[in-house]
Amino acid sequence: QVQLVESGGGLVQAGGSLRLSCAASGLTFSAYSMGWFRRAPGKEREFVATISWTGTNTYYSGSVKGRFTISRDNANNSAYLQMNNLKPEDTAVYYCAAQSRAAIATIKSFYEYWGQGTQVTVSS
């Protein structure tokens, strides 16, 4: 049974930082590209960042590029999202996801497995 469990969310002031973690089990972690998505209140789930199997390739949405960094540790079956200079508009539930295609992807439907999400709230 595949499980993705996010942690590290919380309440932070604008300009602050948080580091999200995603612990994976039940799959060959190094064979999956990982992605982070978020859903703000009243909005659709949107792509945030993705990283390839080996960590060589990464891609970010325009709204977080330069502020967020995605990484992974295949030895520990974990992915991370370092979020700096947070803004109130970053407030959302953040989800990690895994997909087994060869190329990294920004499309939700390409991802086969999803975590339950962790809440990030940024106050102004």
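Bear in mind that the values here come from a model prediction, so they are computed numbers and not experimental data.

Draft legend 1. Looking closely at the sheet that holds strand β8 (residues 78-83). Across the sheet, which stays open at both edges, the 4 strands sit in the order β1-β3-β8-β7 with antiparallel pairing between neighbours. Every other strand in the sheet has two partners, leaving β1 (3-7) and β7 (68-73) as the edge strands with one partner each. Each strand axis lies, on average, 15 degrees off the axis of its neighbour in the sheet, ignoring direction.

Draft legend 2. Structural context of the environment of T118. Secondary-structure assignment places T118 in strand β11 (residues 118-123). Look at T118 and you get buried, because its relative accessible area is 11%. T118 sits 105 residues away from Q13 along the chain, and the two C-alpha atoms are 17 Å apart. The residues contacting T118, other than those within four sequence positions of it, are E6, S7, G8, G9, L20, A92, V93 and Y94. Within the local environment of T118, its side chain forms a polar contact with the backbone nitrogen of G9, the two atoms lying 3.2 Å apart.

Draft legend 3. Structural view of the state of the cysteines. Tallying each qualifying case throughout the model produces 1 disulfide. Put simply, C22 and C96 are joined by a disulfide, and their sulfur atoms are 2.1 Å apart. With the S-S dihedral at roughly 55 degrees, the linkage between C22 and C96 falls on the right-handed side. Of this pair, C22 sits in strand β3 (residues 18-25) while C96 sits in strand β9 (residues 92-99), placing them 74 residues apart in sequence.

Draft legend 4. Quick look at the pairing of β3. Where β1 meets β3, 5 bridges bridge the pair, whose relative direction is antiparallel. Each bridged residue has a counterpart across the sheet, and for S7 the counterpart in β3 is S21. As judged from the 6 bridges shared by β3 and β8, these two strands associate in the antiparallel manner. By the bridge assignment, L18 is partnered in β8 with M83.

About the criteria used
- Residues numbered from 1 in each chain as written.
- Predicted model: local features only at pLDDT ≥ 70, side-chain atom pairs only at ≥ 80, totals over all residues.
- Heavy atoms only, no water.
- Pairing = 2+ DSSP bridges.
- Helix = DSSP H or I, 4+ residues; strand = E, 2+ residues; numbered from the N terminus.
- Axes fitted to C-alpha atoms, helices over the stretch in contact; angles between N-to-C directions.
- Buried < 20%, exposed > 50% of the residue type's maximum accessible area, 1.4 Å probe, protein only.
- Contact = heavy atoms within 4.5 Å.
- Polar contact = N/O pair within 3.5 Å; in protein donor to acceptor, adjacent residues only side chain to side chain.
- Disulfide = S-S within 2.5 Å.

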